[in-house]
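Report on the structure
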Amino acid sequence: MSESGLIPALDKLTKNVSSFSAIQVSFDAFIEEDIKLEEKVELNIFRVIQEAMANVVKHSEAKSASISIISIESILNIIIEDDGKGFEVDTVKSKDSIGLQGIKQRVQLLKGEYTIDSKPGRGTTIIFDIPI
């Protein structure tokens, strides 16, 4: 991760997902220049987004998705949205899916929080807030 950094790695991830799936993924980053994250933190953030995008590809049947990463004061706010089929959040959380467990563990490791907003027929939005 240190060679390219988080933003170039995420840019590459979105291009890769767009090229090997039928999902057009857009990526926007609004991060202050002076923010420097530890490599371990960058890697965990990347892995969280990577897992979330893997879930979009595997389950959403989406045509488009977006990743936005914004620094707001001492928080890194990450929003991943898709226009897919959506799902019942409580049902999926109760199934203890491996992907969501991995996301939950990494976000906790980063002392962050996340919310999932989804309903069948409406797509999904995942919001991560990671302290920086």
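An account of the accompanying structure is given in this report. Note that this is a predicted model, so its numbers are computed, not measured. (Residues numbered from 1 in each chain as written. Predicted model: local features only at pLDDT ≥ 70, side-chain atom pairs only at ≥ 80, totals over all residues. Heavy atoms only, no water.)

With that out of the way, let us pick up the layout of surface pockets. In this structure, the largest pocket encloses a volume near 380 Å³. Contributing to the lining of the largest pocket are 18 residues, with Asn55, His59, Phe87, Val92 and Leu100 lying nearest its centre. The set of elements that each furnish at least two residues to the lining of the largest pocket consists of α2 (39-60), α4 (98-109) and β5 (124-131). Broken down by element, the lining of the largest pocket gets its largest block of residues, six residues, from α2. Residues belonging to the lining of the largest pocket are distributed by class as follows: seven nonpolar, seven polar and four charged. Every residue lining the second largest pocket is listed: Gly5, Leu6, Ile7, Pro8, Ile31, Glu32, Glu33, Ile35, Lys36, Leu37, Glu42 and Leu76. Take the lining of the second largest pocket: its biggest share by element is three residues, from helix α1 (residues 6-20). Of the residues belonging to the lining of the second largest pocket, the class tally is seven nonpolar, one polar and four charged. (1 Å grid on protein atoms, 1.4 Å probe; cavity = no way out; pocket = protein on both sides within 12 Å on 5 of 7 lines; lining within 4 Å. Points joined across faces, edges and corners; volume = space filled by probe spheres on them. Helix = DSSP H or I, 4+ residues; strand = E, 2+ residues; numbered from the N terminus. Nonpolar A, V, L, I, M, F, W, Y, C, P; charged D, E, K, R; others polar.)

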